[in-house]
Number of protein chains: 4
Amino acid sequence: MSVAFHAEHGTDIPCARLAQYQQVRQHSEALIAPLSAEDCALQAAAFVSPAKWHLAHTTWFFETFILLPHVPGYQAYKTEYQHLFNSYYNGIGKQFARPKRHLLSRPSLQDILDYRHAIDDAIMRLLQDSEEWDELVVLGLNHEQQHQELLLMDLKYCFFQNPLFPVFGNSKIDAPAQLLIHEGYENFAGGLFEIGAQGSGFHFDNETPRHQIFLKNFQLARSLVSNEMYLAFIEDGGYEQAMLWLSDGWVWRQSENVTHPLYWVKQADQWFEYSLQGLKPLNKKQAVSHVSFYEAHAFAQWCGTRLPTEAEWEVAAHQTLYGPHQTTLAHMFDHNWQWTQSAYQPYPGFKTPQGAVGEYNGKFMCNQMVLRGGCDLTPEKHSRMTYRNFFYPQDQWVKTGIRLAKDLGE
Amino acid sequence: MSVAFHAEHGTDIPCARLAQYQQVRQHSEALIAPLSAEDCALQAAAFVSPAKWHLAHTTWFFETFILLPHVPGYQAYKTEYQHLFNSYYNGIGKQFARPKRHLLSRPSLQDILDYRHAIDDAIMRLLQDSEEWDELVVLGLNHEQQHQELLLMDLKYCFFQNPLFPVFGNSKIDAPAQLLIHEGYENFAGGLFEIGAQGSGFHFDNETPRHQIFLKNFQLARSLVSNEMYLAFIEDGGYEQAMLWLSDGWVWRQSENVTHPLYWVKQADQWFEYSLQGLKPLNKKQAVSHVSFYEAHAFAQWCGTRLPTEAEWEVAAHQTLYGPHQTTLAHMFDHNWQWTQSAYQPYPGFKTPQGAVGEYNGKFMCNQMVLRGGCDLTPEKHSRMTYRNFFYPQDQWVKTGIRLAKDLGE
Amino acid sequence: MSVAFHAEHGTDIPCARLAQYQQVRQHSEALIAPLSAEDCALQAAAFVSPAKWHLAHTTWFFETFILLPHVPGYQAYKTEYQHLFNSYYNGIGKQFARPKRHLLSRPSLQDILDYRHAIDDAIMRLLQDSEEWDELVVLGLNHEQQHQELLLMDLKYCFFQNPLFPVFGNSKIDAPAQLLIHEGYENFAGGLFEIGAQGSGFHFDNETPRHQIFLKNFQLARSLVSNEMYLAFIEDGGYEQAMLWLSDGWVWRQSENVTHPLYWVKQADQWFEYSLQGLKPLNKKQAVSHVSFYEAHAFAQWCGTRLPTEAEWEVAAHQTLYGPHQTTLAHMFDHNWQWTQSAYQPYPGFKTPQGAVGEYNGKFMCNQMVLRGGCDLTPEKHSRMTYRNFFYPQDQWVKTGIRLAKDLGE
Amino acid sequence: MSVAFHAEHGTDIPCARLAQYQQVRQHSEALIAPLSAEDCALQAAAFVSPAKWHLAHTTWFFETFILLPHVPGYQAYKTEYQHLFNSYYNGIGKQFARPKRHLLSRPSLQDILDYRHAIDDAIMRLLQDSEEWDELVVLGLNHEQQHQELLLMDLKYCFFQNPLFPVFGNSKIDAPAQLLIHEGYENFAGGLFEIGAQGSGFHFDNETPRHQIFLKNFQLARSLVSNEMYLAFIEDGGYEQAMLWLSDGWVWRQSENVTHPLYWVKQADQWFEYSLQGLKPLNKKQAVSHVSFYEAHAFAQWCGTRLPTEAEWEVAAHQTLYGPHQTTLAHMFDHNWQWTQSAYQPYPGFKTPQGAVGEYNGKFMCNQMVLRGGCDLTPEKHSRMTYRNFFYPQDQWVKTGIRLAKDLGE
């Protein structure tokens, strides 16, 4: 078989894969352990989904792309689920309207957990029998990890609509963490580089083909931008100066009346920030979070700097890990996804995989911006140096942050 | 005290009122007995509310209009509830945004039931002590009965968005019931009549003052319009003939692409109708239900008839009950609310009661149409001959039906 | 022939009608004399039309309802005009999209004037030959007079969008005129009255049938509300007090951010008012103009009064003209149309005339409010005591004002 | 002085520049010669502007960026024009609302022509005196040429809303022209190239800095896609196959119900195409025009090909002009602007010029796609190989076409 997603091979795969499968699948259920069925049904906007829908959809993915097409005699668990839990795969069929996902009180959360366990049984039997579908299983697990992160970001957005500012119930998740600030910028020499994924190790299709790219000399900030720095931008009137903003960004800022990062709340002249741990006084030493690309861009303009390109980010990350820069670039993967100035476009030679699974990434390569790195909601080992995350420039509900870059004279 | 809502008085009030209070309050909780917490959180549009919100709001009404202002030393159960469960009383304060009611997973359904029981305790103590607040208690109970009906209509609308067409779980509610059709029209002589509420017996402020009105001779249909008759209208192209429709009605029919009553569904060329009992083949002998005023008006035009005025309906209902017409007008209260051609306007001499409770009815007297009678979701003894229900002309989710009228030569 | 519009008959009709026809038709063209072709093409919102469109549509009316159906062998002047200049007559065919009327640079203003003159020739020949179509001609002339008033109100709205605050060019039209204020209220005794049109004299179908109506005693203000009184309402925070407003009115006021009558402009802390004579300092002694029904209602609530019903207005107008009240009610017809609290509904026994001309009035009898009287833009002799004007409760661009009423104890 | 726009220098500049100034300015007025003042006021959507506004705005550009800041003692022609004719320069001040430009009947077309001539006098005096402002004058002329093309594209869009399908009146403009089709693809070898503008000759800031880019081998179609080829796509159901479309493109195609290029019209089962020459039967041998990026992308997917990147286009154009490919790539500049698959982003090292004129290009570098080449509405000598045009992916009203590309194995 051939999908455009590459997973590592080896002799102990079946056993390791089984363990990995169980770990990832159980992790999803562990995430919702502190939540009620009512919490799991929340959907505050079309761009977020209820937690229970995430649990069902990730299960649907295994059923639809592995069990139904490849297991002889397999009968759909419930035929209606094919429709209800399809996210955007037109190749599979019509999808239940996205903004209405919160209206599915039936099937219940318990029904969905039952669905998960039934599919788990079938997949695990498959994994024990054969390596044949291993690449698709690995894709399904990486897909599920993406949804684990989304589930938490979506929940945060939904909870935030509630004036009671609910506390999630797991004190380790989205807990405010102070930045260890490394001042200044690191220099990187330009030249012809290769970026993109290759060889062993799982990666998504959008990370390929590995290809050459020419970069000028550049500088990358050692740390992410802190709340303190961002507050200075606000206090200097950054949200009132049209000249700092992209044209579409200014329209967005005006029409939505945006004046601060998404989860900042001003009460009695004091700033607070909401996280899944509740509403807390703003911590100036944390990385600024939940800013849109437009805000990141305006902030960089205000600093007289710019955002990095995705190629600069990847080259710098590689040199940091394998070269002389090893320790100097902090917070590459562990606080916030970092907006780049690169539009999300296909790499030269990119080909969409055949079939419905080919809708995974390619069709989104328009109007979105690339983010690099990872955040503290990202499941362990999910991200990597070549990983390309992507969102619309106005999206704030993603756990995003800002790393600045500069041109460097030759 | 003085509110503009009139309740009967008498010696056995305290005891009877206590029983009535318990009956009404328990009935609300009985209604949701077949539902899960997930079902109780559904809100498919801004004009419907989650069942749990109805349970909380009706409780808020007792707390806000009786306990908080009148019971010395009473402390709000939870201060946030004053905001969360205020529907539209600007005199009380800002309201939590109506379209977001489904986002309140906290407080949970159980929290809300606890709230109900705490307020019940306080009100029942009050009722045992004094008759002083009796009028407000009666208003609160009638208010709760209105919400019992709304709760079911709202739930029906929400369930209908689910392609699984959920079944409610109480087989008596919204069960399809055949009409006993009485053919033809009853004649009524014109003259100067009095309409409106007076004297003993509870009524809302909008039913007063009782006043004189002059009517011409008229005819009123003995039965409601059946699905069979309405189907003939559809099959004759009634939804395609602009000349049958009011101007705003035609705009609505076009922009919303309405081609049948709300809960009709066509599958494989056969008509079905959704009720809380699930999706069933359309029963031609039932009353047509869930049509907007615009549809009712167009149907009447197609028949060469018209809808009755609210005064005609009330005069006819009175003569039916107390006069020679006693048995001939069927289905006045028991199938569907009946659209009249009367805009919802204040009766001559109408005065809004003082204070926030005065927002109950008066401020809605614009852009809505009067419906008379009652429907099979209306709590027993809740409606009456002078009762004025009112909704927007495009509203279909209310359990409405059509009774035709005609002019009668002199 | 029989249309539901009644015009007087008599021996000298043909000659008088010819003169009247010429007077009305020339008046339309006189109105636009100070305007450029560019001015005549303005359309600032879907609810207003370009002046040139009014000129064409009123001509289309004569062609469509008289020449095309009734003159043997008559060929349409241009077949495309049937579509382009149809306003809302579904019985005639599809209409060119209303919000796009400003896009018809072709036909030019001159083309439209040519069209007018060609139709004038045909109609005048017809009038010389026969009285047969006299009723329709009279209807066409009254229709044109309605559009003369609309043309000016629409133009005012369009000009107002231009920061240059254009001056119309005819110093008599919409010129600010001081009110002669008569203080206080006039009393009227209740009883059974007749209202509506009858007998000789032109009237629209919506003014019939004349019918009986029972009124309680009431009071009507002798004068219209002045800018000075309305300013006191604003300065007292009338636009901030939700309790004064109808529910839909408050939603409108909030969503549109309305804080004053349409043409008031505040510059450097001073109030100005725009009229077709340009932007002038607000004259406190004028009648307040261009308020919506919602504003009129809130103002009346703030005064502890109410708006009159249309029956009260008509009965009072009749008694003023023919009875003891003769001189005491001022400004009934000459400053601003007066909002009533009556929804626009059919009179008892109202029947829509047959054919497309039946769409004239009946299909609008929903969601609108009745205005009575007339304004200084109303063509002479166009209005009358039984005239029912109607607009949506949010409409401000109509030249409206406020006359207060009160209940009167028995 | 220093602006980021580079114009050639030399000894005969003043005289040549004067001639160029007169030529460009007169050309704008020649374009509207066949139009009435009514035609010149049309604005059918917020993204198009009235012809008279283009005439005024291009004049405002010279006044605002040259006369007002640099000519001592210069008084604004009319201070209100600073506001009315500012397009999007926040650095200059607030702009009159874009969607309302059609509401400016005053100033009249004649007033605007007077404005043009007054500014022309002042600029021409300046040009005779000094070369000092030459770069800004050249920028102003290139700016005006951009608006000459826009004026025609905007007019076409406005005229198309008129069911009379107006004919422009200058038979040479937008006249349907047959393609000389060259079949097949040209091969280009990859490698490290330089793209972007440099040296003498005017160019916009967005074409710089010239920089290195690495390309793989690729193929570029010799001709543009014809109507015949595009018709095959339609007839094969291309607009119905979600799998061919980008995700946002499919949403756009569905919500706008797009089923063909903008100006195609089907009448009685036959295809027509509108141009400024009127509605004509579709010519299959012409280049397909007025397709959005989404349509271009879907068409390329359907062909199993892709769109070129802007770097591929520029390298190929350069080799065609200066190398062995000289004659083989047809229609690079003369039929339709060609969508590339490149998002409009800053070139490496791009810096926004200081001051308001810096808003010219940089702030639009988000959400738009690059187009290369030119079209038959582009003023002569205006475009060039390094020219970067940019529009939103859904824009159809631009005169766009499709040139296909392919990867080429190594």
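Reading the values: rules and limits
- Residues numbered from 1 in each chain as written.
- Chains lettered and ligands numbered in written order.
- Predicted model: local features only at pLDDT ≥ 70, side-chain atom pairs only at ≥ 80, totals over all residues.
- Heavy atoms only, no water.
- Helix = DSSP H or I, 4+ residues; strand = E, 2+ residues; numbered from the N terminus.
- Rg over C-alpha atoms; globule rule 2.2 N^0.38 Å.
- Buried < 20%, exposed > 50% of the residue type's maximum accessible area, 1.4 Å probe, protein only.
- Contact = heavy atoms within 4.5 Å.
- Areas by Shrake-Rupley, 256 points an atom, 1.4 Å probe, with all protein chains shown as cover.
- Lys, Arg positive; Asp, Glu negative; His and termini not counted.
- Charge placed at Lys NZ, Arg CZ, Asp CG, Glu CD.
- Domains from an automatic or database assignment.
- Buried area = accessible area lost by both parts, 1.4 Å probe.
- Pairing = 2+ DSSP bridges.
- Axes fitted to C-alpha atoms, helices over the stretch in contact; angles between N-to-C directions.
- Salt bridge = Lys/Arg side-chain N within 4 Å of Asp/Glu carboxyl O.
- Polar contact = N/O pair within 3.5 Å; in protein donor to acceptor, adjacent residues only side chain to side chain.
- Nonpolar A, V, L, I, M, F, W, Y, C, P; charged D, E, K, R; others polar.
- Least-squares fit on C-alpha atoms with pLDDT ≥ 70 in both.

**Focus: the overall build of chain A**
And then number 1: When its secondary structure is counted, chain A shows 9 helices and 12 strands.
And then number 2: The globule rule puts the C-alpha radius of gyration for 410 residues at 22 Å, and the 22 Å found for chain A is close to it.
And then number 3: For chain A, the spread of C-alpha atoms along the three principal axes comes to 65 × 50 × 35 Å.
And then number 4: A buried classification covers 61% of the 410 residues belonging to chain A.
And then number 5: Taking as baseline every contact in chain A between residues at least 6 positions apart, the subset at least 24 positions apart corresponds to 80%.
And then number 6: Approximately 15,500 Å² of chain A is accessible, and the part contributed by carbon and sulfur atoms is 51%.
And then number 7: If you average the places of the 31 positive and of the 44 negative side-chain charges in chain A, the two averages end up 3 Å apart.

**What to know about the domain arrangement of chain A**
Residue and element names in this part refer to chain A.
And then number 1: What the domain assignment lists for chain A is domain 1 (16–160) and domain 2 (174–410).
And then number 2: Residue-level contacts link 26 residues of domain 1 with 30 residues of domain 2.
And then number 3: Summing both sides of the interface, domain 1 and domain 2 together bury roughly 2,500 Å²; the carbon and sulfur share of this comes to 69%.
And then number 4: Three residues, Glu149, Lys156 and Phe160, lead the burial of domain 1 against domain 2; their summed loss comes to 29% of the area buried on that side.

**Description of the sheet that holds strand β7 (residues 278–281) of chain C**
Residue and element names in this part refer to chain C.
And then number 1: The 3 strands are arranged β5-β6-β7 in an open sheet whose pairing can be described as antiparallel. Each edge of the sheet is formed by a strand with only one pairing partner; in this case those strands are β5 (264–267) and β7. In this sheet, adjacent strand axes meet at a mean angle of 35° when their direction is disregarded.
And then number 2: Here 4 bridges tie β5 to strand β6 (residues 270–275), and the two strands are oriented antiparallel to one another. Residue tryptophan 264 lies in a different strand from β6, and its bridge partner there is glutamate 273.
And then number 3: Packing against the sheet, helix α6 (residues 227–235) makes contact with β5 and β6, and its axis sits at approximately 65° to β5.

**Some points on the interface of chain D and chain C**
And then number 1: Each side of the interface is counted separately: chain D has 29 residues, and chain C has 29 residues.
And then number 2: Carbon and sulfur atoms make up 56% of the surface buried where chain D meets chain C, a total of about 2,300 Å² over both sides.
And then number 3: Looking only at chain D, the three residues that lose the most surface to chain C are Glu38, Leu103 and Arg106 of chain D, adding up to 32% of its buried area.
And then number 4: A salt bridge links lysine 52 of chain C to glutamate 38 of chain D; the nearest nitrogen and oxygen atoms lie 2.6 Å apart.
And then number 5: On inspection of chain D and its partner chain C, the count reaches 14 residue pairs in polar contact (both at pLDDT 80 or more).
And then number 6: Looking at which element gives the most residues to the side of chain D that touches chain C, the answer is helix α3 (residues 79–84) of chain D, with 3 residues.
And then number 7: Class assignment of the residues belonging to the side of chain D that touches chain C gives a composition of 16 nonpolar, 7 polar and 6 charged.

**Here we look at unusual backbone geometry**
And then number 1: Following arginine 106 of chain C, the chain continues into proline 107 of chain C via a peptide bond in cis, with omega recorded as -5°.
And then number 2: Checked against the element boundaries, proline 107 of chain C lands in the loop between α3 (79–84) and α4 (109–129).
And then number 3: Backbone geometry places aspartate 269 of chain B, a non-glycine residue, at a positive phi of 70°.
And then number 4: Looking at where aspartate 269 of chain B falls in the secondary structure, it is placed in the loop between β5 (264–267) and β6 (270–275).
And then number 5: Overall, aspartate 269 of chain B belongs to the exposed group, its relative accessible area being 72%.
And then number 6: Of note, aspartate 174 of chain C is a non-glycine position whose phi angle comes to about 60°, a positive value.
And then number 7: The residue aspartate 174 of chain C is located in the loop between α5 (134–160) and β1 (185–188) in this model.
And then number 8: On the accessibility criterion, aspartate 174 of chain C (3% relative accessible area) is buried.

**So, the relation of the copies chain D and chain C**
And then number 1: Mapping chain D onto chain C calls for a screw motion: a turn of 180° about the axis and a shift of 0.0 Å along it, with 0.0 Å RMSD after fitting. The symmetry that links the two subunits is that of a two-fold axis. Minimal C-alpha separation from the rotation axis in chain D is found for glutamate 38 of chain D, amounting to 2.7 Å.
And then number 2: Mapped onto chain C, 100% of the interface residues of chain D are again interface residues, and the two copies thus contact each other with one and the same surface.

**Looking at the sheet that holds strand β4 (residues 218–221) of chain C**
All names here are of chain C.
And then number 1: Pairing is antiparallel across the open sheet formed by 3 strands, whose spatial order is β1-β4-β12. Here the strands that pair on one side only, and so sit at the sheet edges, are β1 and β12 (405–407). When the angles between neighbouring strand axes are averaged without regard to direction, this sheet yields 25°.
And then number 2: Bridge count for β1 against β4 is 4 bridges, and the pairing is antiparallel. In the strand pairing of β4, asparagine 187 is matched with glutamine 219.
And then number 3: Its contacts with the sheet place helix α9 (residues 310–322) against β1, β4 and β12, and it is angled at close to 75° to β4.

**Some details on the side chain of lysine 52 of chain A**
And then number 1: Inspection of the secondary structure assignment puts lysine 52 of chain A in helix α2 (residues 51–70).
And then number 2: One polar contact links the side chain of lysine 52 of chain A to the main-chain carbonyl oxygen of proline 107 of chain A, over a distance of 3.0 Å.
And then number 3: Contacts of lysine 52 of chain A, omitting those with residues within four sequence positions, involve Cys40, Ala41, Leu104, Ser105, Pro107, Ser108, Leu109 and Ile112 of chain A together with Glu38 of chain B.

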